[in-house]
Amino acid sequence: MSDIRSDRQQGRLRRMFSRLAASSEDLHAEELRQGVEETGCTPIASCQDRQEVSVSGTLRAVTLRPRAGVPALEAELFDGTDSLDVVWLGRRSIAGIEPGRRLVAHGRISHQRGRRVLFNPRYELRPVGSE
């Protein structure tokens, strides 16, 4: 019985020290991975080409980048496992789509220039400060 208690205490100490030694980016990534599990979304790292998915994460960057002469709003979505590009064609801006915002996006994955991309996804903005 004392061996089990000792193992639990060592496990707690190990987790505490690993959190203290981890960078803020590592802690943020871990928090995002937990959020993916809680929402039931697919981790971006496991998304396959042409797969219909629901992904969640934080928008890292948002840029306006024309594609073939058409305005396109692009955002990088990071979930703690990997990132993908979310692209809204024909849009110059969308209210609430800004760096640091949490988002759940639904659509079909494609690959372009070696990166995962979701074109014109359905999306849900998560309340600020929520998972």
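Residues numbered from 1 in each chain as written. Predicted model: local features only at pLDDT ≥ 70, side-chain atom pairs only at ≥ 80, totals over all residues. Heavy atoms only, no water.

Visitor: Honestly, the overall build of the protein in this entry has me stumped. Any pointers?
Guide: On a plain count of helices and strands, the protein comes out with two helices and six strands. When its helices and strands are written in sequence order, the protein yields α-α-β-β-β-β-β-β. Within the protein, the proportion of its 131 residues that are buried is 35%. Counting contacts in the protein only where the partners sit at least 6 residues apart, residues at least 24 apart contribute 52% of the total. (Helix = DSSP H or I, 4+ residues; strand = E, 2+ residues; numbered from the N terminus. Buried < 20%, exposed > 50% of the residue type's maximum accessible area, 1.4 Å probe, protein only. Contact = heavy atoms within 4.5 Å.)

Visitor: Sorry, what's going on with the pairing of strand β4 (residues 102-112) here?
Guide: Along a regular strand, successive side chains alternate from one face of the sheet to the other. Among the eleven residues that make up β4, eight are buried, leaving the element largely enclosed by the rest of the structure. Two strands pair when backbone bridges link them, and strand β1 (residues 52-64) and β4 are joined in this way by seven bridges, in the antiparallel orientation. If you follow V55 over to β4, its bridge partner there is A105. As judged from the four bridges shared by β4 and strand β6 (residues 122-125), these two strands associate in the antiparallel manner. Counted as the bridge partner of L103 is L125 from β6. Two strands pair when backbone bridges link them, and β4 and strand β5 (residues 115-119) are joined in this way by four bridges, in the antiparallel orientation. Bridge pairing in β5 links H111 to R116. From the end of β4 to the start of β5, which pair antiparallel, there are two residues, and R113 there has a positive phi angle of about 55°. (Pairing = 2+ DSSP bridges.)

Visitor: Before we go on, may I ask you to explain the packing of aromatic side chains in this structure?
Guide: For the coordinates displayed, the defined rule picks out one aromatic pair. Sitting above the plane of the F78 ring, R60 keeps its charged end 3.7 Å from the centroid. (Phe/Tyr/Trp six-rings, centres within 6.5 Å; stacked < 30°, edge-to-face > 60°. Lys NZ or Arg CZ within 6 Å of the ring centre and 35° of its normal.)

Visitor: What's the story with the pairing of strand β3 (residues 83-89) in this structure? I'm lost.
Guide: β3 sits mainly inside the fold: six of its seven residues count as buried. Bridge count between strand β2 (residues 72-78) and β3: seven bridges; the pairing is antiparallel. When the bridges of β3 are listed, L77 appears paired with L84. Two strands pair when backbone bridges link them, and β3 and β5 are joined in this way by three bridges, in the parallel orientation. Within the sheet, the bridge partner assigned to V87 lies in β5 and is F119.

Visitor: Mind showing me how you'd approach unusual backbone geometry here?
Guide: Peptide bonds are mostly trans, and most non-glycine residues show a negative phi. The phi torsion at A68 lies on the positive side, around 55°, for a residue other than glycine. Note that A68 resides in the loop between β1 and β2. For A68, a relative accessible area of 86% gives the class exposed. With a phi angle near 45°, N120 is a residue other than glycine that sits in the positive phi range. Among the secondary structure elements, N120 is positioned in the loop between β5 and β6. Residue classification places N120 among the partly exposed positions, given a relative accessible area of 43%.

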